[in-house]
Amino acid sequence: MQDTLFYQDAYQKEFDAVVLHCEKRKKGFTVVLSQTVFYPEGGGQPGDTGTLNGVRVWDTQEQTGQIVHFCEAPLPVGETVHGILDWERRFRHMQSHTGEHIFSGIAHARYGCNNVGFHMSADCVTIDLDQALTAEQVAEIERETNAAVFADVPTVVQYPDEETLQTLAYRSKKELTGTVRLVEAGGRDLCACCGLHVARSGEVGCVKVGTQTPHRGGIRMTLLIGWDALADYDTKHKQVTAIYQTLSAKPNEVVERVQQLAERNDAYKAQIVALQDEIFRLRAQQLPQGEKKLWQFAEDLTPVEIRRFADVLAEQTEWAAVFTETAENNWQYAICSHTFDVRPSCQALNAALQGHGGGKPALVQGAIRADRAQIEAFCEGYQEAGWKE
């Protein structure tokens, strides 16, 4: 039976062990040791990485009751190897796991939320709570979580007997049998957990809520914890510094200046739209009047601009089309009519010129693959149902 050194001392970084088994896999090798400080993925915490006799271990998993190390090279069975844990990565996981415990425990105690999803990535923790929370409630949980962190109380791990377990109010995502490992974090949460945690809540550093989105009737949020929170702050601080230097503004004026720029940008956009529409109308006025069909080729128009130009043309004809080339023989188009249902036009164009698209009776839009002469030929030959020659 392997010795799980990580449960005896979560802070042990190096160890010696005998290689019990080594097997070649499609990718690398799997190695089983007599003992290990490498934690296998479980409880939402990723498997550890590091080296064994200098051979990289890129993952650790538990399989059929054994802890398996995924290695880049084989290790001789029976040989004693020296393992070195990627401690920085492990410690971040311990910080994140402990901080998540405290946050989820407070959310449960204050608002009855259950943590129904937990994922630990390289730079944050994602949790799913089964109840929606207001921004004010989330902020309150965050404040209480950091108060528990700053209190710097011990993390307590216990294995209560069945009788004692029945008297304890603890969080768990599933019914548990056999020996239960309970972790008390920050003095605010008691939870059944097989993961690893920091020895005292102060080592969590801090907990900051990131993104918040509705999820299955509850809320999904990211938590930035410990070193990950500091890295996030450092990135955002550099970004804000670059912004206020670019704007020649003081740090506390950044939001106001950006809002001013946004308002100015919206005004410019409105002016551009008005000028474009005037250009479209001038181009339309130069075309023959009284025609049943009008089409135009225009350069560098966005899909929205193509629609607007087609709508302007449709004011003076029964059937209007606009085409913009996006790459060689690739065109975006819009067909508009204030008189006919143009969806049959769309179907016919797509069938004739390798196209796709659709829309409403008055306006369709899509893309085709053809040269300009083929498009001209289609437009010249197309007859809308109901036209009289």
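Above this text sits the structure in question.
Since this is a predicted model, take the numbers as computed values, not measurements.

**Q** Could you give an account of the overall build of the protein chain, with specific residues and numbers?
**A** The helix and strand tally for the protein chain stands at nine helices and 20 strands. A principal-axis box enclosing the C-alpha atoms of the protein chain has dimensions of 95 × 55 × 45 Å. A fraction of 59% describes how many contacts in the protein chain between residues 6 or more apart in sequence connect residues 24 or more apart. On the protein chain, roughly 20,800 Å² of surface is accessible, and the fraction owed to carbon and sulfur atoms is 51%. Mean positive and mean negative side-chain charge positions of the protein chain (37 and 53 charges, respectively) differ by 3 Å.

**Q** Pulling in residues and values, what's your account of the pattern of salt bridges?
**A** Tallying each qualifying case throughout the model produces 17 salt bridges. Between Glu23 and Arg25 there is a salt bridge; the shortest N-O distance is 3.7 Å. Under the relative-accessibility criterion, Glu23 is labelled partly exposed at 35%. Take Arg25: its relative accessible area is 32%, and that puts it in the partly exposed class. For Glu72, the salt bridge goes to Arg56, with nearest N and O atoms at 3.0 Å. One end of the pair, Glu72, is in the loop between β7 (66–71) and β8 (80–85); the other, Arg56, is in strand β6 (residues 55–63), and 16 residues separate them in sequence. Connected via shared salt-bridge partners are Glu88, Arg92 and Asp228.

**Q** Pulling in residues and values, what's your account of a negative patch on the surface?
**A** A cluster of like negative charges, contributed by Glu299, Asp300, Glu325 and Glu328, occupies part of the molecular surface. Relative to the helices and strands, Glu299 resides in the loop between β16 (293–297) and α7 (303–314). Residue Glu299 is classed as exposed on the basis of its relative accessible area of 72%.

**Q** Outline the packing of helix α6 (residues 254–285) against α7, listing residues and values.
**A** Between α6 and α7, the shortest axis-to-axis distance is 9 Å and the interhelical angle comes to 45°. As the angle between them shows, α6 and α7 are arranged oblique. Here α6 runs over α7; the crossing is right-handed. Of α7, the residues touching α6 (which contributes Val273, Gln276, Asp277, Phe280, Arg281, Arg283 and Ala284) are Glu305, Arg308, Phe309, Val312 and Leu313.

**Q** Give me the lowdown on the sheet that holds strand β20 (residues 363–369), citing residues and values where you can.
**A** Reading across from one edge, β16-β17-β18-β20-β19 is the order of the five strands in this open sheet, with mixed pairing throughout. Whereas interior strands pair on both sides, the edge strands pair on one side only; in this sheet they are β16 and β19 (356–360). Between one strand and the next, the sheet's axes are offset by a mean angle of 15°, whatever the strand orientation. Where β19 meets β20, five bridges bridge the pair, whose relative direction is antiparallel. Across the sheet, the residue bridging to Lys360 is Leu363, located in β20. Lying over the sheet, helix α9 (residues 372–381) contacts β16, β17 (319–327), β18 (330–336) and β20, oriented at roughly 165° with respect to β16.

**Q** So what's going on with the nonpolar core? Which residues, and what values?
**A** The biggest cluster of nonpolar side chains holds 47 residues, and the ones touching the most others in it are Leu52 and Met221. In this structure, Leu52 is in contact with Phe15, Leu33, Phe38, Val57, His69, Cys71, Leu75, Val81, His82 and Gly83, ignoring residues within four places of it in sequence. In terms of nonpolar packing, the next biggest core, distinct from the first, is built from 19 residues, Ala321, Trp331, Val364 and Phe378 among them.

**Q** I'd like a rundown of the state of the cysteines, residues and numbers included.
**A** Counted according to the given criterion, the structure contains zero disulfides. Here Cys71 is not cross-linked by a disulfide; its sulfur's nearest cysteine counterpart is in Cys22, at 7.2 Å. Judged by relative accessible area, Cys71 falls into the buried class, the value being 0%. As a non-bridged cysteine, Cys191 has Cys193 as the owner of its nearest cysteine sulfur, 5.8 Å distant.

**Q** Which residues make up unusual backbone geometry, and what values do they have?
**A** The phi torsion at Asp152 lies on the positive side, around 55°, for a residue other than glycine. Even without being a glycine, Asn329 presents a positive backbone phi close to 65°. Within the secondary structure, Asn329 is located in the loop between β17 and β18.

Parameters and conventions
- Residues numbered from 1 in each chain as written.
- Predicted model: local features only at pLDDT ≥ 70, side-chain atom pairs only at ≥ 80, totals over all residues.
- Heavy atoms only, no water.
- Helix = DSSP H or I, 4+ residues; strand = E, 2+ residues; numbered from the N terminus.
- Contact = heavy atoms within 4.5 Å.
- Areas by Shrake-Rupley, 256 points an atom, 1.4 Å probe, with all protein chains shown as cover.
- Lys, Arg positive; Asp, Glu negative; His and termini not counted.
- Charge placed at Lys NZ, Arg CZ, Asp CG, Glu CD.
- Salt bridge = Lys/Arg side-chain N within 4 Å of Asp/Glu carboxyl O.
- Buried < 20%, exposed > 50% of the residue type's maximum accessible area, 1.4 Å probe, protein only.
- Patch = residues over 30% accessible without salt bridge, like charges linked within 9 Å, V, L, I, M, F, W, Y side chains within 5 Å.
- Axes fitted to C-alpha atoms, helices over the stretch in contact; angles between N-to-C directions.
- Parallel < 35°, antiparallel > 145°, perpendicular 65-115°, else oblique.
- Left-handed = near helix turned anticlockwise from the far one by under 90°.
- Pairing = 2+ DSSP bridges.
- Core = buried A, V, L, I, M, F, W, Y, C linked by side-chain atoms within 4.5 Å.
- Disulfide = S-S within 2.5 Å.

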